[in-house]
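# Inside the fold
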Amino acid sequence: QVQLVESGGGLVQAGGSLRLSCAASGRTFSSHSMGWFRQAPGKEREFVAAISWNGGGVYYADSVKGRFTISRDNAKNTVYLQMNGLKPEDTAVYYCAAQPLGSWLPRGDYAYDYWGRGTQVTVSS
């Protein structure tokens, strides 16, 4: 069992930066691959980024590539999403998720077993 808690969201102006954190409980965190997803009002949840169990593999949605960076610290049971160059269209609730096949980086939310409750990111123009 893995429990996830996101933090770091907030209100930022376009062009600004935020760093989201996802703290995980459970001894098996380090074997899981992790993903970040987001859901804007009236839209479906969409994939943002994923990272393999050891950080050796990362995968980004085209919409965030070059602006967002996913990383993890297994000693701290935490995964991060550094978001730079934020745009109003990045406004959404951001969720982290975990799935136990550590080398698999799925972009489908169906593949993830554990989810946090989300943190709101609002980017003003």
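Residues numbered from 1 in each chain as written. Predicted model: local features only at pLDDT ≥ 70, side-chain atom pairs only at ≥ 80, totals over all residues. Heavy atoms only, no water.

## Observations concerning unusual backbone geometry
Here the phi dihedral of N77 falls at roughly 55°; this positive angle occurs in a residue that is not glycine. In this structure, N77 sits in the loop between β7 (68-73) and β8 (78-83). (Helix = DSSP H or I, 4+ residues; strand = E, 2+ residues; numbered from the N terminus.)

## Quick notes on the nonpolar core
Of all hydrophobic cores here, the largest spans 36 residues; its most connected members are W36, L81, M83 and Y94. Listed by contribution, the elements that provide at least two residues to this core are β3 (18-25), β4 (33-39), β5 (46-51), β7, β8, β9 (92-99) and β11 (119-124). (Core = buried A, V, L, I, M, F, W, Y, C linked by side-chain atoms within 4.5 Å. Buried < 20%, exposed > 50% of the residue type's maximum accessible area, 1.4 Å probe, protein only.)

## Considering the pattern of salt bridges
In this structure the tally under the stated criterion is 5 salt bridges. Put simply, R38 and E46 hold a salt bridge, and the shortest N to O gap is 2.6 Å. E46 gets classed as partly exposed once you look at its relative accessible area, which sits at 35%. In this structure, the salt-bridge partner of D109 is R45, at a minimum N-O distance of 3.3 Å. Highlighted residues: D109 in the loop between β9 and β10 (114-115) and R45 in the loop between β4 and β5, separated in sequence by 64 residues. Assessed through its relative accessible area of 29%, D109 is described here as partly exposed. Shared partners join several salt bridges into a network, and the residues in it are R38, E46, R67 and D90. (Salt bridge = Lys/Arg side-chain N within 4 Å of Asp/Glu carboxyl O.)

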